[in-house]
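Coordinates in review
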Amino acid sequence: CRWVKKAAVRKGPDGKMESVPVFAKLTPNITDIVEIAKRAKAGGADGVTAINTVSGLMHLNSEAKAWPNVGSEARTTYGGIS
């Protein structure tokens with residue numbers, strides 16, 4: 001997380017550079033999530049997230065047409081929030 005923390009900066013409202021909080025996304029596919037969270041903290045993470053991808057509705061269309069639609073066949077895609 002240290003190199004990410006160095007890169008995670010933005011220009012604040014006063015024009016000065018400020019750091020942006022960095023959260024490590026943990027996988028549920030391990031036996032001891034606490035150990036991984038401790039290592040993320042030791043590596044400089046401001047926090048952790050312990051959730052997998054959450055499904056999201058990208059758009060509802062009252063005309064029952066898929067959105068977003070891709071290509072000439074207007075196929076739809078599935079999206080989530082990570």
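Our structure is the block above this text.
Everything numeric here is computed off the predicted structure, so don't read it as measured data.

Taken together, the side chains of Ile30, Ile33, Val34 and Ile36 present a nonpolar region at the surface, about 290 Å² in accessible area. Its location among the elements puts Ile33 in helix α2 (residues 33-42).

Under the counting rule described, the total for this entry stands at two salt bridges. Between Glu18 and Arg10 there is a salt bridge, with the nearest N and O atoms lying 2.9 Å from each other. Owing to a relative accessible area of 30%, Glu18 belongs among the partly exposed residues under this scheme. Residue Arg39 pairs with Glu35 through a salt bridge whose shortest N-O separation is 3.0 Å. Taken together, the residues span about one helical turn, with Arg39 and Glu35 both in helix α2 at a distance of four residues. In this structure Glu35 comes out as partly exposed when scored by relative accessible area, which is 32%.

Parameters and conventions
Residues numbered from 1 in each chain as written. Predicted model: local features only at pLDDT ≥ 70, side-chain atom pairs only at ≥ 80, totals over all residues. Heavy atoms only, no water. Patch = residues over 30% accessible without salt bridge, like charges linked within 9 Å, V, L, I, M, F, W, Y side chains within 5 Å. Areas by Shrake-Rupley, 256 points an atom, 1.4 Å probe, with all protein chains shown as cover. Salt bridge = Lys/Arg side-chain N within 4 Å of Asp/Glu carboxyl O. Helix = DSSP H or I, 4+ residues; strand = E, 2+ residues; numbered from the N terminus. Buried < 20%, exposed > 50% of the residue type's maximum accessible area, 1.4 Å probe, protein only.

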